[in-house]
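# Understanding the architecture of this molecule
Residues per chain, in single letters:
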Amino acid sequence: MTWLTDFFGDPARWSGPDGIPVRMLEHLEFSVLALVLAMLIAIPLGLLIGHTGRGGVVVVVSANLARALPTLGILVLFVLLLGTASIWPVIIPLVLLAVPPILVNTFEGIRGVDPELRDAAYGMGLRGGQVLGRVLVPVALPLILLGLRLSAIQVVATTTVAAYTGLGGLGRFMIDGFATQDYSSVVGGSVLIVLFALVVQLAFMLTQRVTVSPGVSQRLKIR
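Because the structure is a prediction, the values reported are computed rather than measured.

So, on to the overall build of the protein. The helix and strand inventory of the protein stands at 10 helices and zero strands. The secondary structure elements of the protein, listed N-terminal to C-terminal, are α-α-α-α-α-α-α-α-α-α. Expressed along its principal axes, the backbone C-alpha trace of the protein runs to roughly 65 × 40 × 25 Å. Per-residue burial over the protein gives 41% buried out of 223 residues. Counting only carbon and sulfur atoms, one obtains 69% of the accessible surface of the protein, whose full area is about 12,000 Å². In the protein, 14 side chains carry a positive charge and 11 a negative one; their mean positions are 15 Å apart.

What follows concerns the layout of surface pockets. Estimated volume of the second largest pocket: approximately 180 Å³. When residues in the lining of the second largest pocket are grouped by element, the largest group, six residues, is from helix α2 (residues 20-52). Its residues assigned to classes, the lining of the second largest pocket shows 12 nonpolar, one polar and no charged.

All right, on to the packing of α2 against helix α5 (residues 88-111) then. Closest axis-to-axis distance for the α2/α5 pair is 7 Å, and the angle between their directions is 35°. Viewed along their axes, α2 and α5 form a crossing whose handedness is right-handed. For the contact of α2 with α5, a count of residues per class yields 23 nonpolar, four polar and one charged.

We now examine the packing of α2 against helix α9 (residues 183-211). Interaxial distance between α2 and α9 falls to 12 Å at its minimum, and their mutual angle equals 50°. The pairing of α2 with α9 is recorded here as oblique in orientation. Every pair of crossing elements has a handedness; the one defined by α2 and α9 is right-handed. Counted together, Ile20, Met24, His27, Leu28 and Leu35 of α2 and Leu192, Ile193, Phe196 and Phe204 of α9 form the full contact between these two elements. Classifying every residue of the contact of α2 with α9 gives eight nonpolar, one polar and no charged.

This next bit is on empty space enclosed by the protein. Applying the stated criterion across every chain, the model contains one cavity of 30 Å³ or more. Taken as a whole, the largest cavity spans an internal volume of roughly 40 Å³. Lining the largest cavity are Ala66, Arg67, Leu69, Thr71, Ile74, Pro93, Leu96 and Leu97. Counting residues per element, the ones that place at least two in the lining of the largest cavity are α3 (56-67), α4 (71-82) and α5. Counting residues per element, the lining of the largest cavity draws most heavily on α5, which supplies three residues.

The phi torsion at Gln181 lies on the positive side, around 60°, for a residue other than glycine. On the basis of relative accessible area, Gln181 is assigned to the exposed category, the value being 59%.

Take helix α8 (residues 171-180) next. When α8 is considered as a whole, its buried residues turn out to be Gly171, Arg172, Phe173, Met174 and Gly177. Among the structural elements, α1 (2-8), α2 and α9 are those in contact with the buried residues of α8.

Quick look at the UniProt feature "transmembrane region" (unreviewed entry) in the protein now. Sites flagged by UniProt as "transmembrane region" (unreviewed entry) map to residues 30-50, 131-150, 156-175 and 187-206. Annotated as 100% helix and 0% strand, the span residues 30-50 places its first and last C-alpha atoms 29 Å apart.

Here is what the cut-offs are and how they apply
- Residues numbered from 1 in each chain as written.
- Predicted model: local features only at pLDDT ≥ 70, side-chain atom pairs only at ≥ 80, totals over all residues.
- Heavy atoms only, no water.
- Helix = DSSP H or I, 4+ residues; strand = E, 2+ residues; numbered from the N terminus.
- Buried < 20%, exposed > 50% of the residue type's maximum accessible area, 1.4 Å probe, protein only.
- Areas by Shrake-Rupley, 256 points an atom, 1.4 Å probe, with all protein chains shown as cover.
- Lys, Arg positive; Asp, Glu negative; His and termini not counted.
- Charge placed at Lys NZ, Arg CZ, Asp CG, Glu CD.
- 1 Å grid on protein atoms, 1.4 Å probe; cavity = no way out; pocket = protein on both sides within 12 Å on 5 of 7 lines; lining within 4 Å.
- Points joined across faces, edges and corners; volume = space filled by probe spheres on them.
- Nonpolar A, V, L, I, M, F, W, Y, C, P; charged D, E, K, R; others polar.
- Axes fitted to C-alpha atoms, helices over the stretch in contact; angles between N-to-C directions.
- Left-handed = near helix turned anticlockwise from the far one by under 90°.
- Parallel < 35°, antiparallel > 145°, perpendicular 65-115°, else oblique.
- Contact = heavy atoms within 4.5 Å.
- UniProt positions renumbered as here; feature names shortened; annotations may be inferred.

Written out as structure tokens, the structure is:
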């Protein structure tokens, strides 16, 4: 508890380029960029494969294998290949980490829609793209949002590795704290990352409550 008091009670922690607000903003920028890039890759691919039913097994197996990749090892590899002059050696491993949950959940969400709903949509005269956008995506939205939430939490937690390359983010408190034996910084940085992840979790829960149709939510509760 003393370490937390020392960390958060120090005015110097709240100002300057190494202050909590700046490090928090850096952490947010890395996380958002990685998550957006992962969404741009995984959601269209998941929608396409889930709607057409082609290549689903390959995608799921590949995504599950990708989850086993060590993020820190990939980070070191890209640092060696690209250097540390840009943020990409950090962003690329984070994107690779974020893609699998989004891809698998999007695919499973679309594939899991009741076939009778598909048939009814086609029977009403809707075409492939219309069926996907008006019927399948709204029904699959809870599972898609779950994939986004899992990826976002993983990215927020793992963005700590940015500090290994000399970049910013909340991981700087932990890396610098270990280097200087400033354990109040280590503990404070860890608490900030946990709080950040909890805020992300809450934000996605609120988003789901606002965006998911009440009828879909009620159907999930019945199941």
